[in-house]
Amino acid sequence: MPIKWVLHWQPNAGTTVNTQILSEVSQCVESINGAKDGRWKTTLSFYKPILRDQANANEFPRDFLGISLHEQPDKYYFVLRGQRLIMEAESSIQTTMEKLQSYKTRVALNFEGLQYQLGDFRLRVGKVLPVHTETLRGIVMEMEYLPISSWETSHAIMGEFFDIWKEAVSKRSLPGHFMHIEPNFTEFGLADQYSSQHTAIQYACIMAQMIATSQSAQAMRS
């Protein structure tokens, strides 16, 4: 499958994300001739164990994520970052988990927005919203290069395109920038050929970074 980088918006110190930034970012894509090509939506859930005995709390992973990717609607991905584990299951596993009552959703977030085609690249700009609310929590972008599926081989051209993108965004003097965090996929046992499991791990990593940024901002305010 095509290689993909998942980027997130890192606000400048003392600033937060807002819909104006999201609008400007979308205009940036159109300014470099990106053509609208439909919508997309990915959902990420934080799970916590339903404990019958609090003494067993340490036996369960704390950082347990479930991810439903727009590119694989019939699959569901579990990521345990602390244990460096990634698992692919059928999407019906969510119903099974509800019936077993072993874990419950602590918080769920939607990543959704517009998709753009730009030559051999496909860009997706999305807002991060808690499910059932319209409170903007972040901005993400998927940058996909269709001809290549090797993570290593793609680095040069992805890096070049990212530089072009950063230059386009910088012209708008927005209070922040897009960040690319590159996970060590080999730690999760993944090979060089790109897969949806690579995408799920990237989402887990940017989520951790967004939480850290939010906590840092709250600490500064208090």
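Conventions we followed
- Residues numbered from 1 in each chain as written.
- Predicted model: local features only at pLDDT ≥ 70, side-chain atom pairs only at ≥ 80, totals over all residues.
- Heavy atoms only, no water.
- Helix = DSSP H or I, 4+ residues; strand = E, 2+ residues; numbered from the N terminus.
- Rg over C-alpha atoms; globule rule 2.2 N^0.38 Å.
- Buried < 20%, exposed > 50% of the residue type's maximum accessible area, 1.4 Å probe, protein only.
- Phe/Tyr/Trp six-rings, centres within 6.5 Å; stacked < 30°, edge-to-face > 60°.
- Core = buried A, V, L, I, M, F, W, Y, C linked by side-chain atoms within 4.5 Å.
- Contact = heavy atoms within 4.5 Å.
- Expected span 1.5 Å × (residues − 1).
- Polar contact = N/O pair within 3.5 Å; in protein donor to acceptor, adjacent residues only side chain to side chain.

J.: Please provide a residue-by-residue account of the overall build of the protein, values included.
T.: Per the secondary structure count, the protein includes four helices and nine strands. Element order for the protein, N to C, with α for helix and β for strand: β-α-β-β-β-β-α-β-β-β-α-β-α. The C-alpha atoms of the protein give a radius of gyration of 18 Å, which matches the 17 Å a tight globule of 222 residues would have. The 222 residues of the protein split such that 45% are buried.

J.: An account of the packing of aromatic side chains is requested, with residue identities and associated values reported.
T.: Any aromatic ring pair is given by two values, namely how distant the centres are and how the planes are angled relative to each other. Enumeration over the complete set of coordinates arrives at 13 aromatic pairs. Measuring from ring centre to ring centre gives 5.1 Å for W9 and F178, while their planes differ by 80°; the resulting arrangement is edge-to-face. Highlighted residues: W9 in strand β1 (residues 3-11) and F178 in strand β9 (residues 176-180), separated in sequence by 169 residues. Pair check on accessibility: W9 and F178 agree, each one buried. Taking the centre distance of 6.0 Å and the plane angle of 50° together, the rings of W165 and F178 count as tilted. Of this pair, W165 sits in helix α3 (residues 151-170) while F178 sits in strand β9, placing them 13 residues apart in sequence. Here a set of aromatic residues connected by ring pairs shows up, and it is made of Y47, F64, Y76, F78 and Y103.

J.: Explain the nonpolar core to me, and be specific about the residues and the numbers.
T.: Judged by nonpolar contacts, the single largest core of 58 residues is most densely connected at F111, W165, F178 and Y203. The dominant element in this core, judged by the number of residues it contributes, is helix α4 (residues 196-221), at eight residues. In this structure, F178 is in contact with L7, H8, W9, V25, I139, V140, M141, F162 and W165, ignoring residues within four places of it in sequence.

J.: Can you tell me about helix α1 (residues 19-31), naming the residues and giving the values?
T.: In this model, α1 (13 residues) spans 18 Å end to end at C-alpha, consistent with the 18 Å of a helix rising 1.5 Å per residue. The complete set of buried residues in α1 reads I21, L22, E24, V25, S26, C28 and V29. Those residues of α1 that are buried lie in contact with β1, β6 (103-118), β7 (121-130), β8 (138-145), α3 and β9. The distance from a side-chain oxygen at the start of α1 to the backbone nitrogen of Q20 is 3.0 Å, and the residue carrying that oxygen is N18. Within two residues after α1, N33 carries a phi angle of roughly 70°, on the positive side.

These figures come from the coordinates and say nothing about function on their own.
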